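Fold and contact review
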Amino acid sequence: MNLTERVFKLSEHGTNVRTELVAGLTTFLTMAYIMFVNPSILGDAGMPKGSVFVATCLIAALGTTIMALYANYPIALAPGMGLNAYFAYVVVLKMGFTWEAALGAVFVSGCLFLLATVFGLRELIIKGIPHSIRVAITVGIGLFLALIALKTAGVVAADGATYVTLGDLHKPEVIMASLGFLLIVVLDRLKVPGALLIGILAVTVASFFFGGNEFKGVFSMPPSIEPTLFKLDIKAALTGGILNVVLVFFLVELFDATGTLMGVARRAGLLVPERMGRFNRSLLADSGAIFVGSMLGTSSTTAYVESAAGVQAGGRTGLTALTVAVLFLACLFIAPLAGVVPGYATAPALLFVACLMLKDLTEVQWDETTEAVPAVVTALMMPFTYSIANGLAFGFITYAVLKLFTGKAREVHWIVWLIAAVFLFKFIYLGGH
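Just so it is clear, the model here is predicted, and its values are computed rather than measured.

Thresholds applied
Residues numbered from 1 in each chain as written. Predicted model: local features only at pLDDT ≥ 70, side-chain atom pairs only at ≥ 80, totals over all residues. Heavy atoms only, no water. Helix = DSSP H or I, 4+ residues; strand = E, 2+ residues; numbered from the N terminus. Buried < 20%, exposed > 50% of the residue type's maximum accessible area, 1.4 Å probe, protein only. Lys, Arg positive; Asp, Glu negative; His and termini not counted. Salt bridge = Lys/Arg side-chain N within 4 Å of Asp/Glu carboxyl O. Polar contact = N/O pair within 3.5 Å; in protein donor to acceptor, adjacent residues only side chain to side chain. Contact = heavy atoms within 4.5 Å. pLDDT = per-residue confidence, 0-100. Patch = residues over 30% accessible without salt bridge, like charges linked within 9 Å, V, L, I, M, F, W, Y side chains within 5 Å. Areas by Shrake-Rupley, 256 points an atom, 1.4 Å probe, with all protein chains shown as cover. Expected span 1.5 Å × (residues − 1). Core = buried A, V, L, I, M, F, W, Y, C linked by side-chain atoms within 4.5 Å. Axes fitted to C-alpha atoms, helices over the stretch in contact; angles between N-to-C directions. Parallel < 35°, antiparallel > 145°, perpendicular 65-115°, else oblique. Left-handed = near helix turned anticlockwise from the far one by under 90°. Nonpolar A, V, L, I, M, F, W, Y, C, P; charged D, E, K, R; others polar.

Turning to the side chain of Glu 5, a few remarks are in order. Within the fold, Glu 5 resides in helix α1 (residues 3-8). No salt bridge forms around the buried Glu 5; measuring N to O, its nearest opposite-charge neighbour Lys 9 is 8.0 Å away. Polar side-chain contacts of Glu 5 include one of 2.8 Å to the side chain of Ser 11. Setting aside chain neighbours within four positions, we find Glu 5 in contact with Leu 10, Ser 11 and Glu 12.

Below you can see the structure in the form of structure tokens.
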């Protein structure tokens, strides 16, 4: 038995090295944007962009390696979108805290998050999540991915009057993304291995001819991480004014990461009783990455919903995640090459994955409105508030209220009441961020 088989148990999961490597590359290409987006967002908060770039690559590689080797899960970690925007635009620019204090808040929330995992709080929450909400998490993540994909491809655009509208369909990137999407669906239907990856690469190649994409070389030396390394201010994070920020970070990390892990693991067929031990390990892996990331100099690290693309490409084990980790490390030196894949090339893959994730809607009990309505609310609020955690919040509150007023309170697990109460408290006293 070779080493990869021993470590990752490939045959037990019905996969092989080639499939896992292609899945890893697929996941990486769909989430590689974070290397460039994260420094841009945190740079707006006054952080040195070069150092944030290095911190982003390092924590993505480290966190994903732990997920690969400790939990044997095909799920990648990186600094979370949404949380980085909250960090930069709300905590630093709006509330006036220094970025060092904000990093301190991330560190403290990471410690709370790890304690919640070690003492089984996350496991309790997962066991208490009703089946309808569980299904809705996967569907909601699918809708969320669809919105991200359509926005990135330029098919959907912002509009002052209606919030969203149809983008300019004459733009080359919109046409290329649309053709890439159809190519992926056709290749997948014909059972061509690596359909998602072929679609991403085909659009990337086309972008050089029709999208004005430019080849900027292959290698470059990484910038210094020193300006952000260990610059977090924990003392400032423990003062009164920023404690509610710590709580917001903690709640979003808790439900965003847990929701993503559940949704993607369920899609991969890993949420079965005999494999739940590994799910618990995956919870530890992602909670440990948060405070390490704050020490390196980046906002909260979380499980990436784009991992669903790798799962769709056949990824079932930690070898998929390890591939992602190695590629993030390599990007410290090949940033120009990694930056060549445009967002509209990965958007078709995400949209295809989103389409497939919606099939779980068939599992909702449509004839029982106290189950169906909270599921729909959960799923819809994820894309419409641009947050997995908000979707869960509204879903839990709706579920608890409907059960209470229809005389079905005894059906509800006590943890649901607790979560609904915590979210209500958060919305009433801490605002809706």
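Bringing the side chain of Asp 360 into the picture now. The topology assignment puts Asp 360 in the loop between α17 (343-357) and α18 (369-384). A polar side-chain atom of Asp 360 sits 2.5 Å from a polar atom in the side chain of Arg 266. Discounting residues that sit within four places of it in the chain, Asp 360 has contacts with Val 135, Thr 138, Val 139 and Arg 266.

With 97% of its residues at a pLDDT of at least 70, the protein reaches an overall mean of 87. Here helix α16 (residues 335-338) is the element of the protein with the lowest mean pLDDT, 72, and helix α15 (residues 318-330) is the one with the highest, 95.

Together, Val 205, Phe 208, Phe 209, Phe 210, Phe 215 and Leu 337 make up a nonpolar patch on the protein surface, roughly 650 Å² of accessible area in all. Of the residues forming the nonpolar patch, the biggest block, 4 residues, is contributed by helix α10 (residues 195-210).

Another point: the environment of Phe 279. Assignment of secondary structure puts Phe 279 in helix α13 (residues 276-296). Phe 279 sits in the buried class, given a relative accessible area of 0%. When the C-alpha atoms of Phe 279 and Val 416 are compared, they prove to be 20 Å apart, with 137 residues separating the residues in sequence. Setting aside anything within four residues of it in sequence, one finds Phe 279 in contact with Tyr 73, Ile 126, Leu 261, Met 262, Ala 265 and Leu 271.

As a further point, take α17. With 15 residues, α17 ought to run about 21 Å at 1.5 Å a step, and its terminal C-alpha atoms sit 21 Å apart, in line with that. Counting buried positions over the 15 residues of α17 gives 12, a clear majority of the element. Those residues of α17 not exposed but buried are Tyr 344, Ala 345, Thr 346, Ala 347, Pro 348, Ala 349, Leu 350, Leu 351, Phe 352, Val 353, Ala 354 and Met 357.

Between side chains of opposite charge, a pair can form as their charged atoms come close. The full count for this structure, using the stated rule, is 7 salt bridges. A salt bridge links Glu 411 to Lys 408; its shortest N-O distance comes to 3.9 Å. Judged by relative accessible area, which is 24%, Lys 408 ranks as partly exposed. A network of salt bridges, in which partner residues are shared, links Glu 368, Glu 371, Lys 403, Lys 408 and Glu 411.

Once that is clear, we can look at the nonpolar core. Phe 87, Phe 249, Phe 255 and Phe 328 are the most contacted members of the largest nonpolar core, which totals 130 residues. Looking at which element gives the most residues to this core, the answer is helix α12 (residues 240-267), with 15 residues. When sequence neighbours within four positions are dropped, the list of residues in contact with Phe 255 reads Ile 125, Ile 388, Ala 389, Leu 392, Phe 396, Ile 419 and Phe 423. With 7 residues, the next largest nonpolar core counts Val 135, Ala 136, Val 139 and Ala 372 among its residues.

Turning next to the environment of Tyr 304. Considering the arrangement of structural elements, one finds Tyr 304 in the loop between β4 (301-303) and α14 (307-312). Look past the residues within four positions of Tyr 304 in its chain and what remains in contact with it is Met 31, Tyr 33, Ile 34, Ile 75, Ala 76, Leu 77, Ala 78, Pro 79, Gly 80, Met 81 and Thr 260.

It is worth spelling out the packing of helix α9 (residues 172-189) against α10 at this point. The interhelical angle for the contact between α9 and α10, taken along N-to-C directions, is 155 degrees, at an axis separation of 9 Å. Relative to α10, α9 is oriented roughly antiparallel. In this structure, α9 crosses over α10, and the sense of that crossing is right-handed. Contact with α9, carried on its side by Pro 172, Met 176, Gly 180, Leu 183, Ile 184, Leu 187 and Asp 188, involves Ala 195, Leu 196, Ile 198, Gly 199, Ala 202, Val 203, Ala 206, Ser 207 and Phe 210 of α10 and no other residues of that element.

This part covers the packing of helix α2 (residues 17-31) against α10. Where α2 meets α10, the axes come as close as 9 Å, and the angle between the chain directions of the two elements is 45 degrees. By the angle between their directions, the pair α2 and α10 is classed as oblique. For α2 against α10, the interelement crossing comes out left-handed. Taking contact as the criterion, the partners of Val 22, Leu 25, Thr 26, Leu 29 and Thr 30 in α2 are, on α10, Leu 196, Leu 197, Ile 200 and Leu 201. Of the residues that constitute the contact of α2 with α10, the class distribution is 7 nonpolar, 2 polar and no charged.

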